[in-house]
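Given next are the chains, with one letter for each unit.
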Amino acid sequence: MPRPAIDLFHETFGTPPRGAASAPGRVNLIGEHTDYNGGPVLPIAIAQRTTAAIGPGAAGDTGMLEAVSTRYEKVVRVKWQEELPKGWAAYIAGVLRELWSLEAVPRNGSVRIAIASDVPVGAGLSSSAALAVAAAKALAPSLTPRQIAGVAFRAEHDHVGVRCGVMDQTIAALGKREHALLFECASLEATQIPFGARLLLVDTGKRHDLSGGGLNRRRAECEDAVKRLRVDLPELVWLASWPAEWLARLKRALREPVRSRAVHVVSETARTRFAAQLLQQGKLKQFGRLLYESHESCRRLYECSSPELDTVVAAAKRAGALGARLTGAGWGGAAIVLVRERGAGSREQVGDAIHRAFRRAHGREPAISTVSASGGARTERV
């Protein structure tokens with residue numbers, strides 16, 4: 001797996017790299033748009049990974065970042081403390097700035113980095129967090145997984161300007177094979193939850209860019225909800241902390257569309273914690289129902305779905321799948337489908353049904369693959 005990045009480094013810069021690390025993409029089972037609202041999420045790391053191979057820059061090239069990727073031919077050269085490049089290399093520059101603030105890289109250090117990845121971009125699988133975590137792990141392998149996640153989060157949030165939560169970076173750093181991670185984004189409490197179910201990932205092919213647009217608008221709406229709800233509950237810090245039994249009171253206090261956004265977040269918070277309990281008890285059928293409920297809430301209340309995602313979920317339900325929902329913010333990207341081992345609702349039957357429905361509705365084929373819970377960030381041998 002690390003060879004493409006290592007080979008690219010050698011081909012581009014003429015020397016072998018000094019180190020390498022990789023980090024996975026992720027699928028969020030449930031808990032959509034709860035992370036930046038201080039609520040729980042339940043993601044898994046997936047097998048698809050991003051690898052970063054790193055080495056020092058040329059002698060005398062003070063404070064220079066040189067970055068190259070298998071996806072882009074051009075080498076990006078930038079003084080990483082002075083300028084934030086556009087596009088994917090901004091994440092690397094952000095990571096360097098954060099590592100410098102921790103004194104984990106020299107102030108005027110020059111760096112060369114080569115990136116290779118099989119995590120699809122814009123599919124809702126958190127390719128950006130995989131990139132930032134892999135870079136941070138390669139550049140500062142002695143940091144703890146929690147520190148790596150924090151560096152990667154601040155690089156994306158504070159420097160690139162994506163108003164994301166901490167879920168993606170945390171699962172990329174802390175992921176465990178055959179486990180989901182129940183992560184409470186306000187307290188940062190993390191609990192490994194056994195997860196060995198059969199899961200399909202359906203990539204709709206519709207891409208999204210989270211550095212602007214829908215995600216930032218939704219976050220602003222949620223912040224507005226908190227300001228208004230503090231009239232009733234002055235100590236409220238996070239929207240996800242509003243008591244679920246006070247939903248009627250919330251609805252009276254807010255106007256649309258802020259009301260619907262808040263109802264989704266509070267309801268999704270309760271669903272996610274219940275979903276983790278069901279997985280602990282091995283109750284997959286009940287867990288699957290929560291996936292359908294979550295998608296409907298995302299579609300109707302948070303308005304972050306898309307026609308392609310809705311087609312997948314509806315087809316999966318008709319075919320007998322245990323559950324299905326969008327994953328990874330929405331507005332395109334991918335859906336997950338919880339399938340049965342055999343018979344009605346099995347991988348084969350559900351996959352065929354989704355292919356047919358999607359082809360009829362959108363005139364093309366979705367990419368369907370099987371995913372399982374994999375490990376988090378790791379150093380790679382060079």
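Look up a bit, the structure's there.
We now turn to the structure provided with this report. (Residues numbered from 1 in each chain as written. Predicted model: local features only at pLDDT ≥ 70, side-chain atom pairs only at ≥ 80, totals over all residues. Heavy atoms only, no water.)

**Observations regarding the packing of aromatic side chains**
Thinking step 1. Evaluated as defined, the whole model comprises three aromatic pairs.
Thinking step 2. Ring centres 6.2 Å apart and planes at 5 degrees place the aromatic pair tyrosine 72 and tryptophan 88 in the stacked group. Taken together, the positions of tyrosine 72 in strand β5 (residues 72-79) and tryptophan 88 in the loop between β5 and α2 (89-101) put the pair 16 residues apart, joining distant regions of the chain.
Thinking step 3. The class of tryptophan 88 is buried, set by a relative accessible area of 15%.
Thinking step 4. Where tryptophan 242 meets tryptophan 246, the ring centres are 5.5 Å apart and the plane angle is 70 degrees; that geometry is what we call edge-to-face.
Thinking step 5. We note arginine 218 situated over the ring of tyrosine 302; from NZ or CZ to the ring centre the distance is 6.0 Å.
Thinking step 6. Directly above the ring of tyrosine 292 sits lysine 317, whose terminal nitrogen or CZ lies 5.0 Å from the centroid. (Phe/Tyr/Trp six-rings, centres within 6.5 Å; stacked < 30°, edge-to-face > 60°. Helix = DSSP H or I, 4+ residues; strand = E, 2+ residues; numbered from the N terminus. Buried < 20%, exposed > 50% of the residue type's maximum accessible area, 1.4 Å probe, protein only. Lys NZ or Arg CZ within 6 Å of the ring centre and 35° of its normal.)

**Some points on the pairing of strand β1 (residues 19-28)**
Thinking step 1. Across the ten residues of β1, ten count as buried, placing the element largely inside the fold.
Thinking step 2. Sheet topology places β1 next to strand β3 (residues 43-56); nine bridges connect them, and they run antiparallel. The residue of β3 that forms the bridge with alanine 23 is threonine 50.
Thinking step 3. Bridging between β1 and strand β13 (residues 378-380) involves three bridges; their strand directions are antiparallel. Paired with serine 22 across the strands is arginine 378, a residue of β13. (Pairing = 2+ DSSP bridges.)

**Examining helix α9 (residues 284-300)**
For an α-helix, the turn length of 3.6 residues means that residues three or four places apart are oriented alike.
Thinking step 1. End to end, α9 covers 25 Å across 17 residues, agreeing with the expected 24 Å (1.5 Å per residue, within 8%).
Thinking step 2. Of all the residues in α9, the buried ones are Phe287, Gly288, Leu290, Leu291, Tyr292, Ser294, His295, Ser297 and Cys298.
Thinking step 3. Packed against the buried residues of α9 are α8 (258-280), α10 (307-318), β10 (323-327) and β11 (334-338). (Expected span 1.5 Å × (residues − 1). Contact = heavy atoms within 4.5 Å.)

**Let's talk about the layout of surface pockets**
Thinking step 1. Of the pockets and cavities examined, the largest pocket occupies roughly 800 Å³.
Thinking step 2. Lining the largest pocket are 40 residues, with Tyr91, Gly122, Ser127, Ser128 and Glu156 positioned closest to its centre.
Thinking step 3. Sorting the residues of the lining of the largest pocket by element identifies β1, β6 (111-117), α3 (127-139) and α5 (167-174) as the ones contributing at least two each.
Thinking step 4. Among the residues making up the lining of the largest pocket, the classes are represented as 16 nonpolar, 17 polar and seven charged.
Thinking step 5. A volume near 280 Å³ is recorded for the second largest pocket. (1 Å grid on protein atoms, 1.4 Å probe; cavity = no way out; pocket = protein on both sides within 12 Å on 5 of 7 lines; lining within 4 Å. Points joined across faces, edges and corners; volume = space filled by probe spheres on them. Nonpolar A, V, L, I, M, F, W, Y, C, P; charged D, E, K, R; others polar.)

**Points about the sheet that holds strand β8 (residues 190-194)**
Thinking step 1. Taking strand neighbours across the sheet as the criterion, the three strands line up as β2-β7-β8 in an open arrangement whose pairing is antiparallel. Unpaired on one side and paired on the other, β2 (40-41) and β8 mark the two borders of the sheet.
Thinking step 2. Of the strand pairs in this sheet, strand β7 (residues 179-184) and β8 are connected by five bridges, and their pairing is antiparallel. By the bridge assignment, phenylalanine 183 is partnered in β8 with alanine 190.
Thinking step 3. The strands touched by α8 are β2, β7 and β8; relative to β8, the strand with the most contacts, the crossing angle is about 50 degrees. (Axes fitted to C-alpha atoms, helices over the stretch in contact; angles between N-to-C directions.)

**Examining the packing of α8 against α9**
Thinking step 1. The interhelical angle for the contact between α8 and α9, taken along N-to-C directions, is 165 degrees, at an axis separation of 9 Å. In terms of orientation, α8 and α9 fall into the roughly antiparallel class. As for the relative orientation of α8 and α9, their crossing is left-handed in sense. Residue-level inspection shows His264, Glu268, Arg271, Phe274, Ala275, Leu278 and Leu279 of α8 in contact with α9, the latter providing Leu284, Gln286, Phe287, Leu290, Glu293, Ser294, Ser297 and Cys298.
Thinking step 2. Among the residues making up the contact of α8 with α9, the classes are represented as eight nonpolar, four polar and three charged. (Parallel < 35°, antiparallel > 145°, perpendicular 65-115°, else oblique. Left-handed = near helix turned anticlockwise from the far one by under 90°.)

**So, the pairing of β10**
Thinking step 1. For β10, a buried count of five out of five residues is recorded, marking the element as mostly surrounded by other parts of the structure.
Thinking step 2. Inspection of the sheet shows β10 paired to β11 by five bridges, in the antiparallel sense. Of the residues in β11, the one forming a bridge with leucine 326 is alanine 335.
Thinking step 3. Here β10 folds back onto β11 in antiparallel fashion, the turn holding six residues, of which glycine 328 has a positive phi close to 85 degrees.

**A few points about helix α6 (residues 214-229)**
Thinking step 1. Taking 1.5 Å as the rise per residue, α6 with 16 residues should run 22 Å; its terminal C-alpha atoms sit 23 Å apart, in good agreement.
Thinking step 2. Structurally, α6 contributes buried residues whose contacts are with α4 (145-160), α7 (247-253) and α8.

**Things to note about the nonpolar core**
Thinking step 1. In terms of nonpolar packing, the biggest core is built from 95 residues, with Leu65, Val95, Ile113, Val337 and Val350 touching the most fellow members.
Thinking step 2. Among the elements that make up this core, the one with the highest residue count is α3 (eight residues).
Thinking step 3. Leucine 65 has contacts with Val76, Arg77, Val78, Trp80, Ala89, Ile92, Ala93, Leu96, Val111 and Ile113, leaving out every residue within four places of it along the chain. (Core = buried A, V, L, I, M, F, W, Y, C linked by side-chain atoms within 4.5 Å.)

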